[in-house]
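Chain residues, written in single-letter form:
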Amino acid sequence: MQPETPQPGRSFKQKLALKSSLAKETLAEFLGTFIMIVLGCGSVAQAVLSRGHFGGIVTINVGFAMAVAMAIYVTGGVSGGHINPAVSFAMCLFGRMKWIKFPFYVAAQFLGAFMGAATLFGIYYDGLMSFAGGQLLTVGENATAHIFATYPASYLSLANAFADQSWK
């Protein structure tokens, strides 16, 4: 009888590797959206919280462009780099992606955006609190909510506000 030789175990990398392509694509969309929000909204936060001293409209535009490019570069080879539910919906609508994947992509994108915003809030927490004396405002010269979202101007009617937010 031969003595048993120990079978070589799987490496740590092999243990961590995802087998499911849907899981890989979902994780890629989460990561891509996370990257886009942290870097893109981070450029907005830098400009707003420095009151324009360390950034402005150009740095915001360049920052968001680089954020989108980085996110697509990271996720493009795995999931197509949608990083936006509207893109995923269009891909399904035109038959370039199966509808069964759509809810997974949207959920990953939503969670990635939420976690990106939460991370950014954590990073800039002290700056946000000192900017307006500990208040988080949506209107006024010390408003910081527009770092994380877009809002219609206060003078817009309901119909124009809907159109403004629908076609951005």
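Structure: above.
A quick note: this is a predicted structure, and the numbers were derived from the prediction, not measured. (Residues numbered from 1 in each chain as written. Predicted model: local features only at pLDDT ≥ 70, side-chain atom pairs only at ≥ 80, totals over all residues. Heavy atoms only, no water.)

Asks: What am I meant to see in the packing of aromatic side chains here?
Replies: For any pair of aromatic rings, the description rests on two quantities: the centre-to-centre distance and the angle between the ring planes. Using the criterion set out here, one finds six aromatic pairs in the structure. Here F121 and F148 contribute two aromatic rings whose centre-to-centre distance is 6.5 Å and whose plane-to-plane angle is 55°, an arrangement assigned as tilted. Remark: F148 occurs in the loop between α6 (125–131) and α7 (158–166) and F121 occurs in helix α5 (residues 102–123); sequence separation between them is 27 residues. Given the relative accessible area of 29%, F121 is considered partly exposed. Look at F148 and you get partly exposed, because its relative accessible area is 32%. Taken together, F89, W99 and F102 form an aromatic cluster joined through their ring pairs. (Phe/Tyr/Trp six-rings, centres within 6.5 Å; stacked < 30°, edge-to-face > 60°. Helix = DSSP H or I, 4+ residues; strand = E, 2+ residues; numbered from the N terminus. Buried < 20%, exposed > 50% of the residue type's maximum accessible area, 1.4 Å probe, protein only.)

Asks: I tried to follow helix α4 (residues 85–93) on my own but got confused; where do I start?
Replies: Since the α-helix turns once every 3.6 residues, residues separated by three or four places project in the same direction. Between a side-chain oxygen at the N-terminus of α4 and the backbone nitrogen of A86 the separation is 2.9 Å; the capping residue is N84. Positive backbone phi, at 75°, marks G95, one or two positions downstream of α4. (Polar contact = N/O pair within 3.5 Å; in protein donor to acceptor, adjacent residues only side chain to side chain.)

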